[in-house]
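Summary of structural features
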Amino acid sequence: MDGLTQPHHYPGRLIVVEGIDGSGKSTQLQLAMRYLQSRGFSTFFTEWNSADLVKAVTKKGKKKQTLTPLTFSLLHATDFAHRLVYSILPPLKAGMIVLSDRYIYTAFARDVVRGVDRQWARRMYSFAPRPDLALYFKVPIEVSVQRLVAGRAQLKDYEAGMDLHLASDKVSSFKIFQARILKEYQEIAQEYGLSEIDASQSIGHQQQIVRGLIDQMLESYQPAEQETMA
Amino acid sequence: MNEIHYISHKMPYLPDGPCTGKLVVIEGTDGCGRTTQAFKLRQWLEVQGYGVIDTGWTRSKLVGEAITDLKKGHSLHRLTYCLMYATDLADRMEYQILPALRSGFIVLADRYIYTAIARGIARGADERWLRDLFGFAAVPDLVFYLRLGVQDLVPRVLESGKMNYWESGMDMNYGDDIYDSFIAYQGALIEQFDKMAGPEKFVTLDASQDPDVLQKQLRRVVGQYLQASPASAAAAVG
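My aim in this report is to walk through the structure given alongside it, one point at a time. Residue positions are counted from 1 within each chain, in the order its sequence is given. Chain letters and ligand numbers both follow the written order, the letters beginning at A and the numbers at 1. Local features in this predicted model are restricted to residues of pLDDT 70 or higher, and side-chain atom pairs are both shown and tallied only at a pLDDT of 80 or more, whereas totals for entire chains, interfaces and linings draw on every residue.

Take the overall build of chain A next. Strands here are runs of E lasting at least two residues and helices are runs of H or I lasting at least four, both read from the DSSP assignment and numbered beginning at the N terminus. Within chain A, the secondary structure is distributed over 8 helices and 5 strands. Beginning at the N terminus, the succession of helices and strands in chain A can be written as β-α-β-α-α-β-α-α-β-α-α-β-α. Between the two quantities, the radius of gyration covers C-alpha atoms and the globule rule is 2.2 Å times the number of residues to the power 0.38. Relative to a compact globule of 230 residues, whose C-alpha radius of gyration would be 17 Å, chain A shows 18 Å and is just as compact. In terms of principal-axis extent, the alpha carbons of chain A reach across some 65 × 35 × 30 Å. In this description, a residue-residue contact is defined by the distance between C-beta atoms placed from the backbone, which must lie within 7 Å. Sequence-distant contacts, at least 24 apart, represent 81% of the contacts inside chain A between residues at least 6 apart.

Shown next as C-alpha cells:
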C-alpha cells in the first residue's frame, strides 16, 4: 500500500484543506466549491468525523473517558476508512471533484500530539489516496484563538485537548494543545508537500491563491462525460 | 528482569518497566478445540498457583459489542473490519493484557494478532499494512498453533451446530454456497497459519488427536517454558 506517496489513478480529483481550528480553512473550501460549481464541475463535499460507523462508540468512550491515545487514533481511522469506501471513492471513481474539510493529516497531527507513534500512524493510513491538491492554512495561534472565541460559545473537551491534562482551564489547554499541533503540521506540510497558505491574509486574497492552485491542478483533469438528453 | 516487547511500535506514552508475567497465545481456526484446551490449561495453571487471566477477540469493553452488531449488518468493508479488530485488541491491551503482564499474571489469549492478520489477508488486505497495524501488540512468550485440516474441521463444525456466515467468509463471495465458501475461506486461513508457523516460531500441535493427549502436550510445553524462564511473580505454590 503506497497510496499516500503515489498519485491515484481515479478519473476524479481530490482537494483537501488542513489547518488548526480557526484557520479559516472551511470558509476557503466553501468558496472553492462555489467556484468549481460555477465552472460547471460536479463536486462532492465531505468532512472529517462525519461517518456514523463508530460514532456511538467514540461518544461512549469520550464520555466515560476510557479512550486512550491508541484507541482514539484507531477509532478515527476506522471512521475514515468507512467514509473513504462509501463516500470518497465512489465520486472519485465517477470522475467528480471531491472536496474534503480535513483529511488524514489532521489525524497525523492530533494522534502524534496525543502520544501515538509517528510512523505507526502514517502506516496505518497508507490505504488513503494521495490528494491532488492539499492546502495547509497556516495561522498564528493567537489569531486562531481570537477567531474561535469570537465565533463559538464553548470549546469541547477533546478539541481543547483536556484529556492531555495540559492545563486546568479549557482556553489555556487549547492554546498549548493547538501550539503542539501547529508544530506537527509544519513537519507534515514539508514531508507530504502540502501547499502552504498564509491564513492571516484577507479572505479574498487567500481565495485568489486557492483558485490559482486549483486551476493549475485541473489542467490535466477531464470531467466525466455526461450523457446529454437530446 | 524481562520487559514487554512490542511487535513493531511501542506507543511512546506507555510506561517502561519490568514485566513479570507471560503471554501465552493459542491460535488455530474455528472448531479446532482451542477454547476447551485454553480452559483446561487455565485450570491446570491455577492448581499450581499461577495467576491466570484470559482474553479473546471482541471481549473489549470499548468495541466488543459494536463488532458483534456490525457483523449483523452489511456495511463492514475489509479495512473497517481489520481496524475494528485492531481497536478491540488495543483496548484490551491497555486495560487488561499489559497491566496483567506487569503484575505477574499468565495471560492466556484465545487467538491473537495472527488470526486477525490471516483473516485480513483472506479478505484481500495488504499483509505489510496488517503487520504494521498490529505493531502495537505485545510479543507473546509462547504461541501454540492447534492445526486441523479443512477435512477434519468440517464434521466438527457441523456436529456442533451449523456453519456461520463470517466463519465461512460469506462476505467475500468465496464460493457458491455456505459449504463451498467455508471450505475455501477456512482453507485460506489454514494456508496463512501454515505460512506463519515457521517465521513466528509457533509450537504446532496436531488438533485432530484425542483432546486429552493434546492437553498433555500443551501442559508439557508450558511447564517446560515456565521452568526455563520462571519470572512469574505469582510464583507456583511450593
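Read on for the rest.
Turning our attention to the overall build of chain B. For chain B, the helix and strand inventory stands at 8 helices and 5 strands. Tracing chain B from N to C terminus, the helices and strands come up as β-α-β-α-α-β-α-α-β-α-α-β-α. Scaling as 2.2 N^0.38, a compact globule of 238 residues should have a C-alpha radius of gyration of about 18 Å, and chain B matches this with 18 Å. To sort residues by burial, count the other C-beta atoms lying within 10 Å of each one's C-beta; a count of 20 or more means buried, 12 or fewer means exposed, and anything in between means partly exposed. C-beta atoms are built from the backbone. By residue count, 44% of the 238 residues in chain B fall in the buried class. Considering only contacts in chain B between residues 6 or more positions apart, those separated by 24 or more positions represent 79%.

Grouped burial of nonpolar side chains is what soluble globular proteins tend to show. By size, the foremost hydrophobic cluster in this structure holds 127 residues, and its most contacted members are A:L135, B:C82, B:A86, B:L101, B:V107 and B:F134. Among the elements that line this core, the one with the most residues is helix 3 (residues 78–102) of chain B, at 14 residues. Look past the residues within four positions of A:L135 in its chain and what remains in contact with it is A:V17, A:E18, A:L194, A:S195, A:I197 and A:V210. What makes a nonpolar core is a set of buried Ala, Val, Leu, Ile, Met, Phe, Trp, Tyr and Cys residues, with links drawn between C-beta atoms within 7 Å.

At the interface, 26 residues of chain A touch 26 residues of chain B. Mapped by element, the contributors of at least two residues to the side of chain A that touches chain B are helix 2 (55–64), helix 3 (69–93) and helix 5 (118–124) of chain A. Classifying every residue of the side of chain A that touches chain B by side-chain character gives 15 nonpolar, 9 polar and 2 charged. Residues are grouped as follows: nonpolar covers Ala, Val, Leu, Ile, Met, Phe, Trp, Tyr, Cys and Pro; charged covers Asp, Glu, Lys and Arg; every other residue, Gly included, is treated as polar.

With that settled, the discussion passes to the sheet that holds strand 5 (residues 195–198) of chain A. Residue and element names in this part refer to chain A. Sheet architecture is open: 5 strands sit in the order 2-3-1-4-5, paired in parallel fashion. Two strands close off the open sheet at either side, each with one partner strand: strand 2 (43–47) and strand 5. Across this sheet, the average inter-strand angle for adjacent strands is 20°, counted without regard to direction. Pairing of strand 4 (residues 133–138) with strand 5 involves 4 bridges; the strand directions are parallel. Pairing of Y136 across the sheet is with E196, part of strand 5. At least two bridges found by DSSP between two strands is the condition for calling them paired. Lines fitted to C-alpha atoms define the axes, with helix axes restricted to the stretch in contact, and inter-axis angles between N-to-C directions lie between 0 and 180 degrees.

A few words on helix 8 (residues 203–217) of chain A. Think of an α-helix as turning once every 3.6 residues; residues three or four places apart then point the same way. Residue and element names in this part refer to chain A. With 15 residues, helix 8 extends 21 Å between its outermost C-alpha atoms, agreeing within 8% with the 21 Å of an ideal straight helix rising 1.5 Å per residue. Listing the buried residues of helix 8 in full gives Q206, V210 and I214. All buried residues of helix 8 project into a common sector of 75° when viewed along the axis, lining one side. Every exposed residue of helix 8 that faces more than 90 degrees away from the buried side is listed here: G204, H205, Q208, G212, D215 and Q216. Taken together, the buried residues of helix 8 touch strand 1 (13–18), helix 1 (25–38), strand 4 and strand 5. Every helix has an expected span of 1.5 Å times one less than the residues it contains. Arc definition: it is the arc formed by the directions from the helix axis to the C-beta atoms.

Residue and element names in this part refer to chain A. Relative orientation of the contacting elements helix 4 (residues 104–114) and helix 7 (residues 170–191) amounts to 125°, with a least axis distance of 9 Å. The orientation of helix 4 with respect to helix 7, classified from their angle, is oblique. In the packing of helix 4 onto helix 7, the handedness of the crossing is right-handed. Taken together, the residues of helix 7 that come into contact with helix 4 (itself represented by Y105, F108, A109, R110, V112 and V113) are F177, R180, I181, E184, Y185 and I188. Residues that form the contact of helix 4 with helix 7 fall into these classes: 9 nonpolar, no polar and 3 charged. Roughly parallel here means an angle under 35 degrees, roughly antiparallel means over 145, roughly perpendicular means 65 to 115, and every remaining angle is called oblique. Note: crossing handedness is left-handed where the near helix turns anticlockwise from the far helix by less than a right angle, and right-handed where it turns clockwise.

Those residues of helix 2 of chain A not exposed but buried are A:V57, A:T58 and A:G61. One face of helix 2 of chain A carries all of its buried residues, which in axial projection span an arc of 95°. For helix 2 of chain A, exposure combined with an orientation more than 90 degrees from the buried face picks out A:A56, A:K59 and A:K63. The elements touched by buried residues of helix 2 of chain A are helix 3 of chain A together with helix 2 (64–70) of chain B. Positive phi appears at A:Q65, one or two residues downstream of helix 2 of chain A, with a value of about 55°.

What follows concerns the sheet that holds strand 4 (residues 142–147) of chain B. Residue and element names in this part refer to chain B. Here we have 5 strands laid out as an open sheet, ordered 2-3-1-4-5, and parallel in their pairing. The open sheet has two free edges, formed respectively by strand 2 (52–56) and strand 5 (203–206), since each of these has just one partner strand. Neighbour-to-neighbour, the strand axes of the sheet open up by a mean angle of 20°, direction not taken into account. Bridging between strand 1 (residues 22–27) and strand 4 involves 4 bridges; their strand directions are parallel. Bridging across to strand 4, V24 finds its partner in L142. Its contacts with the sheet place helix 1 (residues 34–47) against strand 1, strand 2, strand 3 (106–110) and strand 4, and it is angled at close to 170° to strand 3. Each of strand 1, strand 2 and strand 3 touches helix 3; the most contacted strand, strand 2, lies at about 155° to it.

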